[in-house]
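Structural features, examined
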Amino acid sequence: MLENQPLFTPSKLTKGVARALALTTCMAIGFSANAQEQQAEESNSLLEKITVTAQKRVENLNEVPVAVSVIREDQINSAFTANIEGLQSLVPSVSFRKGNTTRNSAITVRGIGTISFSVAAEPSVSTVVDGVVLGRSGQAFVDLYDLERVEVLRGPQGTLFGKNASAGVVNIVTKRPSDVFEGSFEATLFQDNEYRLKSTVSGPLNDNVNGSLTVLKSQFDGYIKNVFNNQTTSGYDKEGVRAMLEVEAADDTDILFIFENVTSNDDCCADLELTPSGRHNSEASPNSTGPGDLDLDQRQIDHDFETRTLDETTSFSIQVDKSFEDHEFTSITAYRSWDNTEFREGDFTSTAGDSTEPVFGVPFQLHDIGPQSWKQTSQEFRLASNTENALEYQVGLFWWNQKSERNFTRDASCQNNNGQFPAAISTYLTDVLNIDSPSEDQINQFIADEGLSCNANDIVSATAYMETEFDNIAVFADGKYKVSDDFRILFGARWTKDDLSFSHNRNSNDQYSRTGVGVRAFSTDFSGETDESNVSIKLGAQYDVGENSMTYFTYSQGYKGPAFNVFYNMAEKDTLPIGAETSDAFEVGYKYASNDLVFNVALFQTDIDGFQANNPEVLDGVVITRLTNAGSVTTQGAEVDFLWQATDNLSLSGGVSTVKAEVDEFLCPVGLDTCDGRSGADLPFSPDLKYSLAGEYIWEQDGMDVIFNSSYVYTDEINSGGPGTEGPFLPSYGILNASVAFSFDDDAYRISLIGKNLTDKSYVTTFSGDGFRYQIPRDASRYFGVQLRMNF
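Note that the structure is predicted; figures quoted are calculated from it, not measured.

Looking only at helices and strands, the protein chain has 5 helices and 41 strands in total. Evaluated residue by residue, the protein chain yields a buried proportion of 58% over its 792 residues. Within the protein chain, contacts between residues at least 6 apart in sequence are counted, and of these 69% link residues at least 24 apart.

A word on helix α5 (residues 440-450). I443, F446 and I447 are the residues of α5 that are buried. Down the axis of α5, the buried set is contained in an arc of 100°. They therefore lie on one face. Turned more than 90 degrees away from the buried face of α5, the exposed residues are D441, A448 and D449. Two residues or fewer after α5 comes G451, characterised by a positive phi angle close to 65°.

What follows deals with the sheet that holds strand β6 (residues 125-129). Taken together, 5 strands build an open sheet; the order of strands is β3-β8-β9-β6-β7 and the sheet is mixed. Strands with a single pairing partner mark the edges of an open sheet, and in this sheet they are β3 (68-72) and β7 (132-133). Bridge count for β6 against strand β9 (residues 168-174) is 5 bridges, and the pairing is parallel. For V125, the partnering residue across the bridge sits in β9 and is G168.

A few words on the packing of aromatic side chains. Scanning all chains against the criterion turns up 18 aromatic pairs. Their ring planes at 75° and their centres at 5.4 Å tell us that F190 and Y783 sit as a pair that is edge-to-face. Within this pair, whereas F190 is found in strand β10 (residues 182-190), its partner Y783 is found in strand β41 (residues 783-791), the two being separated by 593 residues in sequence. The class of Y783 is buried, set by a relative accessible area of 4%. Consider the rings of F220 and Y236, whose centres lie 5.8 Å apart with planes at 55°: the pair is tilted. On the criterion of sequence distance, the pair formed by F220 in strand β12 (residues 209-220) and Y236 in strand β15 (residues 236-250) is long-range, its members being 16 residues apart. As far as burial versus exposure is concerned, F220 and Y236 are alike and both buried. One aromatic cluster is present, formed by F220, Y223 and Y236 through successive ring pairs. Positioned above the aromatic ring of Y783 is the side chain of R778, whose terminal nitrogen or guanidinium carbon lies 3.7 Å from the ring centre.

So, about the sheet that holds strand β18 (residues 300-301). The sheet built from 3 strands is open, its strands ordered β14-β13-β18 with mixed pairing. Since the sheet does not close on itself, it has two edges, and those belong to β14 (231-233) and β18, each with one partner. Sheet analysis places strand β13 (residues 224-226) next to β18, joined by 2 bridges and oriented parallel. Pairing of N226 across the sheet is with I301, part of β18.

Turning next to the pattern of salt bridges. Applying the stated criterion to the full structure yields 35 salt bridges. Between R176 and E246 there is a salt bridge, with the nearest N and O atoms lying 2.7 Å from each other. Placement of R176 in the loop between β9 and β10 and of E246 in strand β15 is noted, with a sequence separation of 70 residues between them. Three or more residues joined by partner-sharing salt bridges are found here, namely R110, R154, E587, E639 and D641.

With that settled, consider the nonpolar core. One finds L61, L153, F161 and V566 to be the most contacted residues of the largest nonpolar core, which totals 45 residues. Elements that contribute at least two residues to this core include exactly β3, α3 (158-161), β22 (391-413), β23 (459-482) and β24 (487-508). It is β23 that contributes the most residues to this core, 6 residues altogether. In contact with L61, not counting residues within four places along its chain, are I50, T51, V52, V68, V70, K591 and V598.

For the rest of this paragraph, the subject is the state of the cysteines. Taken as a whole and judged by the stated rule, the model has 2 disulfides. The residue that forms a disulfide with C268 is C269, at a sulfur-sulfur distance of 1.7 Å. Because the torsion about its S-S bond is 55°, the bridge between C268 and C269 counts as right-handed. When sorted by exposure, C268 lands in the same class as C269, which is buried.

Take the environment of P438 next. Topologically, P438 is positioned in the loop between α4 (420-431) and α5. Under the relative-accessibility criterion, P438 is labelled buried at 11%. C-alpha of P438 to C-alpha of Y428: the two residues are 10 residues apart in sequence and 9.9 Å apart in space. The contacts of P438, once residues within four sequence positions are left out, are S426, L429, T430 and I443.

What follows covers unusual backbone geometry. Here the bond from C268 into C269 is cis, since omega is 10°, no more than 30 degrees from zero. A cis amide bond, omega 15°, links V359 with the succeeding residue F360. Among the secondary structure elements, F360 is positioned in the loop between β20 (327-345) and β21 (366-385). In this model, N434 sits at a positive phi of 60°, which is unusual for a non-glycine residue. Tracing the backbone shows N434 in the loop between α4 and α5.

With that settled, the discussion passes to the pairing of β3. Burial of β3 is extensive: 4 of the 5 residues sit out of reach of the surface. Two strands pair when backbone bridges link them, and β3 and strand β8 (residues 147-154) are joined in this way by 5 bridges, in the antiparallel orientation. In the sheet register, I71 faces β8, and the bridge partner there is V150.

The next point concerns a nonpolar patch on the surface. There is a patch of nonpolar side chains on the surface, built from F381, L397, W399, I473, V475, W495 and V535 and spanning about 590 Å² of accessible area. When contributions to the nonpolar patch are tallied by element, the ones reaching two or more residues are β22 and β23. For L397, the location among the structural elements is in strand β22.

With that settled, the discussion passes to the side chain of E260. Position of E260 relative to the elements: it lies in strand β16 (residues 253-266). Reaching out from E260, the side chain makes a polar contact with the side chain of R242 at a distance of 2.3 Å. Residues contacting E260, with those up to four places away along its chain left out, are Y145, V241, R242, T313, T314, S315 and R336.

Here the focus is the packing of α4 against α5. Remark: α4 packs on α5, axes separated minimally by 10 Å, with the N-to-C direction vectors making an angle of 95°. In terms of orientation, α4 lies roughly perpendicular with respect to α5. Facing α4, whose interface residues are F421, P422, I425, S426, Y428 and L429, α5 presents Q442, I443, F446 and I447. When grouped by side-chain class, the residues that make up the contact of α4 with α5 number 8 nonpolar, 2 polar and no charged.

Tracing the backbone shows Q542 in strand β25 (residues 524-544). For Q542, a relative accessible area of 2% gives the class buried. Within the structure, Q542 has its side chain in polar contact with the backbone oxygen of E63 (distance 3.3 Å). In this view, Q542 contacts E63, P65, K480, D486, F487, R488, L490, M550, T551 and Y552; residues no more than four positions away in its chain are not counted.

Turning to a negative patch on the surface, a few remarks are in order. Taken together, E248, D251, D254 and E328 make up a surface patch of like negative charges. Note that D254 resides in strand β16.

Rules used in this analysis
- Residues numbered from 1 in each chain as written.
- Predicted model: local features only at pLDDT ≥ 70, side-chain atom pairs only at ≥ 80, totals over all residues.
- Heavy atoms only, no water.
- Helix = DSSP H or I, 4+ residues; strand = E, 2+ residues; numbered from the N terminus.
- Buried < 20%, exposed > 50% of the residue type's maximum accessible area, 1.4 Å probe, protein only.
- Contact = heavy atoms within 4.5 Å.
- Arc of directions from axis to C-beta.
- Pairing = 2+ DSSP bridges.
- Phe/Tyr/Trp six-rings, centres within 6.5 Å; stacked < 30°, edge-to-face > 60°.
- Lys NZ or Arg CZ within 6 Å of the ring centre and 35° of its normal.
- Salt bridge = Lys/Arg side-chain N within 4 Å of Asp/Glu carboxyl O.
- Core = buried A, V, L, I, M, F, W, Y, C linked by side-chain atoms within 4.5 Å.
- Disulfide = S-S within 2.5 Å.
- Patch = residues over 30% accessible without salt bridge, like charges linked within 9 Å, V, L, I, M, F, W, Y side chains within 5 Å.
- Areas by Shrake-Rupley, 256 points an atom, 1.4 Å probe, with all protein chains shown as cover.
- Polar contact = N/O pair within 3.5 Å; in protein donor to acceptor, adjacent residues only side chain to side chain.
- Axes fitted to C-alpha atoms, helices over the stretch in contact; angles between N-to-C directions.
- Parallel < 35°, antiparallel > 145°, perpendicular 65-115°, else oblique.
- Nonpolar A, V, L, I, M, F, W, Y, C, P; charged D, E, K, R; others polar.
- Lys, Arg positive; Asp, Glu negative; His and termini not counted.
- Charge placed at Lys NZ, Arg CZ, Asp CG, Glu CD.

Spelled out as structure tokens, the structure:
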């Protein structure tokens, strides 16, 4: 049994890392300052050139006038993580908000992201996989496999990537099939019965066709104990397959076919009670004195309804690349379906709903079940000039359609704290039994004759049926003009047209239409539509300082389309459209790249109007979040990242992000005279400071290499309340990970010993509401694992 003792003192470790990072940064600045005086000698590069498709064409990272972080394949492998959430430590400007289900999880970049439960809203950070835009960021939380790199474009990217890239883009690029036969098998085992299996084969099928096939299977029992049934929860069970065919149809034409299917059955992610809820006295009650005193050692729940997500994604895409004399034409046709069903424990006890007393004097039951399906179709055409002429450009046409259907049923305790029960019976007598204006005596007599009651153990329910459709069409252009060999003018523009429609019908499943906690008795029949168009531009300049460095300045606009607040308890006031979100961003950056060092700096400020965000409020005894145009916000700061091949065997990488994201002017939702939001408050899930430092050393031995890898990530405290509200704040934390790998026969075989969170630092990633519900991730505890990888 491992003792729960820290290996290092966190404060000393943090100071040491900060000093190391500062020293490395100073060295890099000094190196780049002397770059013009140094003539590059012909030599083998210690660092391979890092290429990206951040501007929808293959370019060297140091030549792209955009703040972009690249997570390479070797970095992804060294992180030993199951999904994109685990990669946030490698990009300081990125944070992930973990929800109970993947559909409620979100990505934020530079403090900006949309956290919404509405089915008629879209993210502010666009997630793109092999050129195909995902309709919801949660689709990217399912699993990671077969990746070549992940690019994170920071700041508005509306010109090339469209309307839901007003805060940034996460561009995921998978590995293409190889032209020689090869394969790999990977097995990873962790404590607490967690395993991941992945196998890939790739190679030529004939002279003109290459193919690849990847299959995966992973499972985890969980790390949270449910004292109600003595079982563990917050685990997963996933499996998937991905197939690719790359066809050389002609000397100037390539066609890429991609098929993917991934299913998951996750009993994740249960909310933990870190401060007393007052709803029960249980073995799982926290060791806390009250609000502000978080029990970070809490790993137990007492739930009689399991929070779970069933998930299946199926996708198919065809990419055609055809070269002309001076241009290249690209067509990407894609279809994706995503089926997601959430089961949610909403009362967070095992005793709620048992009492014969009325709520809220006793605990109430609240259980949710909500299947939803998305189907999206997209088509993009691009025509790109060559890069040899003074004018370099791309023009394109983009069309995207997404339809979703969702039904949501809530079973909850009957509610009668404000006369709802007799009011429901009165309506029943009038509408069903045709008794006009029944008296109080008639109502009471009917209740007695039928033996009706409205107590905590009287469970009532209602079901809402929701449909939405998004249509988006856009025309765009992006390019640069070479004024001289060293100076270029940057430009771009995009015209976008959005159409959005919805319908919402909610009906009571209770014979008498009784009101429940969070269950509205009245029926709804809402529908609406809205449309909006926008023109976004980009202007800038790029100047090569020397042989290995350049600086740039850009002004860019971002746009995120209109929305509706379509959710289970939708009311008449929610039928009003939520306006588009627009942004104006200024960025100045410097990039340096040599044969052993890559160094980037960016300073930025983004002003956003019509910020789409959730405002928390209490409805029918339950805390909900209402999507609204919350006003104007500003995010500004500085980012530094570097990759240094110090020697043939030692490499260092890291980054620092300091961001101030706050509300300039907060607007209460329509219909509310007062609300909790205020101007000047920090935006949620936006740490002011985040930094990382990683290193790898290869110790060459006869017959094998020993590879040491370690990383440290620090995240400042985070405001987890709604936009415009202060608190609760999630404590700051630093995480140290490490691994030792033994590589044999030119890496044909590799065995890795893995240590996660070596200092056993517990931390919180999400405040879920009600004053006591939080999310503590798996990586908030120390654990160990081993991985075997074979290449052939």
